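# Reading the structure
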Amino acid sequence: MFPGGQPDMAQLLKQAQQMQQQLAAAQEQLAAEQVTGSAGGGLVTATMTGQGELTAVTIAPAAVDPDDVETLQDLVVAAVRDASRQANELTASRMGPLAGGLGGGMGLPGL
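Quick caveat, the model's predicted, so the values are computed rather than measured.

What counts as what
Residues numbered from 1 in each chain as written. Predicted model: local features only at pLDDT ≥ 70, side-chain atom pairs only at ≥ 80, totals over all residues. Heavy atoms only, no water. Helix = DSSP H or I, 4+ residues; strand = E, 2+ residues; numbered from the N terminus. Expected span 1.5 Å × (residues − 1). Buried < 20%, exposed > 50% of the residue type's maximum accessible area, 1.4 Å probe, protein only. Salt bridge = Lys/Arg side-chain N within 4 Å of Asp/Glu carboxyl O. Contact = heavy atoms within 4.5 Å. Core = buried A, V, L, I, M, F, W, Y, C linked by side-chain atoms within 4.5 Å. Pairing = 2+ DSSP bridges. Axes fitted to C-alpha atoms, helices over the stretch in contact; angles between N-to-C directions. pLDDT = per-residue confidence, 0-100.

Here helix H1 (residues 9-32) is 24 residues long and its end C-alpha atoms lie 35 Å apart, about the 34 Å a rise of 1.5 Å per residue gives. Residues of H1 that are buried: Leu12, Ala26 and Leu30.

Here's what the structure looks like:
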């Protein structure tokens, strides 16, 4: 340790490596988790990974009206937005604690 209680470089590097490993594990977990957004009372659903990759869209036959394609398009957009919002919330909940460790500049003065 340095005078004044500052951590030494080896300790900082060890902490950075641990944070990097935790971040990689959280990213892997997000890639494996899925969220499903919906619109129109479930007529249209969209499924995404926690990383925001769209993996599926389901449209109930009742949502298909050849005379009103615009409504169906709006439902698809709304379902994807809902899934995206949920994926963002999941990411924030998983990554937030890790990002909090970065806010202090890892104990380095001036960071």
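Moving on to the pattern of salt bridges. Counted by the stated rule, this structure contains three salt bridges. The partner of Glu33 in a salt bridge is Arg94, with the nearest N and O atoms 2.9 Å apart. With Glu33 in the loop between H1 and strand E1 (34-39) and Arg94 in helix H2 (residues 69-100), the pair connects residues that are 61 residues apart, well separated along the chain. Classification of Arg94 as partly exposed rests on a relative accessible area of 28%. For Glu89, the salt bridge is made with Arg85, and the minimal N-O distance between the two is 3.0 Å. One end of the pair is Glu89 and the other is Arg85, both in helix H2 and four residues apart, which spans about a single turn. Here the salt bridges share partners, and the residues they tie into one network are Asp82, Arg85 and Glu89.

Take the environment of Asp82 next. For Asp82, the position within the fold is in helix H2. Among the residues examined, Asp82 registers a relative accessible area of 19% and is labelled buried. Sequence separation of Asp82 and Ser38 is 44 residues, and the distance between their C-alpha atoms is 6.4 Å. Once residues lying within four places of it in the same chain are set aside, the contact partners of Asp82 are Gly37 and Ser38.

Counting residues in each nonpolar core, the largest one holds 15 residues, and the members touching the most others are Val35, Val44, Met48 and Ala79. Elements with a contribution of two residues or more to this core: H1, E1, strand E2 (44-49) and H2. If you tally residues by element for this core, the top one is H2, at seven residues. Here Val44 is in contact with Gly37, Ser38, Ala39, Val57, Thr58, Ile59, Ala63, Leu72, Leu75, Val76 and Ala79, once residues within four sequence places are set aside.

Ordered in space as E1-E2-E3, the three strands form an open sheet in which the pairing is antiparallel. The open sheet has two edge strands, E1 and strand E3 (54-59), and neither has a second partner. Taken pair by pair, the neighbouring strands of this sheet meet at an average axis angle of 15 degrees, ignoring direction. Bridge count between E1 and E2: six bridges; the pairing is antiparallel. Pairing of Ser38 across the sheet is with Thr45, part of E2.

Next up on the list: the confidence of the model for the protein. Of the residues in the protein, 81% reach a pLDDT of 70 or more, and the chain-wide mean stands at 84. The low-confidence segment residues 102-111, where pLDDT is below 50, has nine contacts with residues more than four positions distant or belonging to other chains.

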